[in-house]
Amino acid sequence: STSSAPVPSTSSAPSGDSSTGSAPSSLLQLARIIRRGDPVVFVTGSGLSAPSGIPTFRGAEGVWAKWVLEWGTRAAFLADPRGWYDNFWIPAHVVAEPGSTSERTYEPSAGHFAVAEVAACRQTNVHVITQNIDGLHQRAGLPSERLVEVHG
C-alpha cells in the first residue's frame, strides 16, 4: 500500500498565506482543483520516462543523436532494408545495446506513479495525454480509461 501526502482541504483552507497576504502556490492551487473534481489533463512526454532510462529522442544519448542522421531516413531504408532494421530500428528501439539479444526493459518513474495515484482516486477527474508509447503509465497503475497515447 502506498501512502500519499495529505492535501489541504478546500472547504476551510485560506485563499493565500495570511501572514504575508500572498497567493497560494501553484501546487496548492492544483491540489484544490483536483480535490474539487474539476477536469485536469496532464500532458506528458519523454521527460517523464527519461528517469526510467528511456533515452529521449533528441537528447545527447537519444535516438536522433545515435542513429537517425545516418540510418533514420527513407533513403537508408530503401537502400538496405535489412541493414536499416539491424543497424537502426532494432538497436534504437528494441534491444538493450547494439549487438545485444536482451530486450530493453524499463520501470515506471516516480512521476508515472504520482500521476497514476492522483488519477486513480475516484473523486478526481484527471486524465493523461501522452506522447509516450512505452506502457509505463499503465504499469504505474494509471487506469486505461484515463489515458490517451498520441505518437507520430
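No experiment lies behind these values; they were computed from the predicted model shown.

A. Up close: the overall build of the protein. Counting its secondary structure elements, the protein contains 7 helices and 3 strands. Ordered by position from the N terminus, the helices and strands of the protein form the series α-β-α-α-α-α-α-β-α-β. Taken over 152 residues, the protein has a buried fraction of 29%. Entry remark: accessible area of the protein is about 10,000 Å², with carbon and sulfur atoms responsible for 56%.

B. Summary view of the nonpolar core. Among the nonpolar cores identified, the biggest contains 10 residues, and these are I34, V40, V115, A116, A119, V126, V128, A140, L142 and L147. The set of elements that each furnish at least two residues to this core consists of helix 6 (110-120) and strand 2 (125-130). It is helix 6 that provides the largest number of residues to this core, a total of 3 residues. Ignoring any residue separated from it by four or fewer positions in sequence, one finds A119 in contact with T124, V126, L142 and R146.

C. Spatial organisation of the environment of D38. Mapping D38 onto the fold places it in the loop between helix 1 (26-36) and strand 1 (39-44). The class of D38 is partly exposed, set by a relative accessible area of 26%. The sequence separation of D38 and N125 amounts to 87 residues, and the corresponding C-alpha distance is 6.0 Å. Among all residues touching D38, those that are not within four sequence positions of it are I33 and N125.

D. Up close: the sheet that holds strand 1. Judged by pairing direction, the sheet is parallel, and its 3 strands sit side by side in the order 1-2-3 without closing on themselves. Taken across any chain shown, the strands that pair with only one partner, and hence form the sheet edges, are strand 1 and strand 3 (147-149). Taking each pair of neighbouring strands and ignoring which way they run, the sheet shows an average axis angle of 15°. Relative to strand 3, strand 2 is paired through 3 bridges, and the arrangement is parallel.

E. Structural context of the pairing of strand 2. With burial as the criterion, only one face of strand 2 is covered, namely that bearing V126, V128 and T130; the residues N125, H127 and I129 on the opposite face remain uncovered. In this structure, strand 1 lies alongside strand 2, joined through 6 bridges in parallel fashion. Bridge pairing in strand 2 places V41 opposite H127.

F. Up close: the environment of L30. One can find L30 in helix 1. Here the alpha-carbon distance between L30 and V40, two residues 10 residues apart in the chain, equals 8.8 Å. Residue contacts for L30: discarding those within four places in its chain leaves V40 and F42.

Cut-offs applied
Residues numbered from 1 in each chain as written. Predicted model: local features only at pLDDT ≥ 70, side-chain atom pairs only at ≥ 80, totals over all residues. Heavy atoms only, no water. Helix = DSSP H or I, 4+ residues; strand = E, 2+ residues; numbered from the N terminus. Buried < 20%, exposed > 50% of the residue type's maximum accessible area, 1.4 Å probe, protein only. Areas by Shrake-Rupley, 256 points an atom, 1.4 Å probe, with all protein chains shown as cover. Core = buried A, V, L, I, M, F, W, Y, C linked by side-chain atoms within 4.5 Å. Contact = heavy atoms within 4.5 Å. Pairing = 2+ DSSP bridges. Axes fitted to C-alpha atoms, helices over the stretch in contact; angles between N-to-C directions.

It is worth stressing that arrangement in space is one thing and function is another; only the former is reported here.
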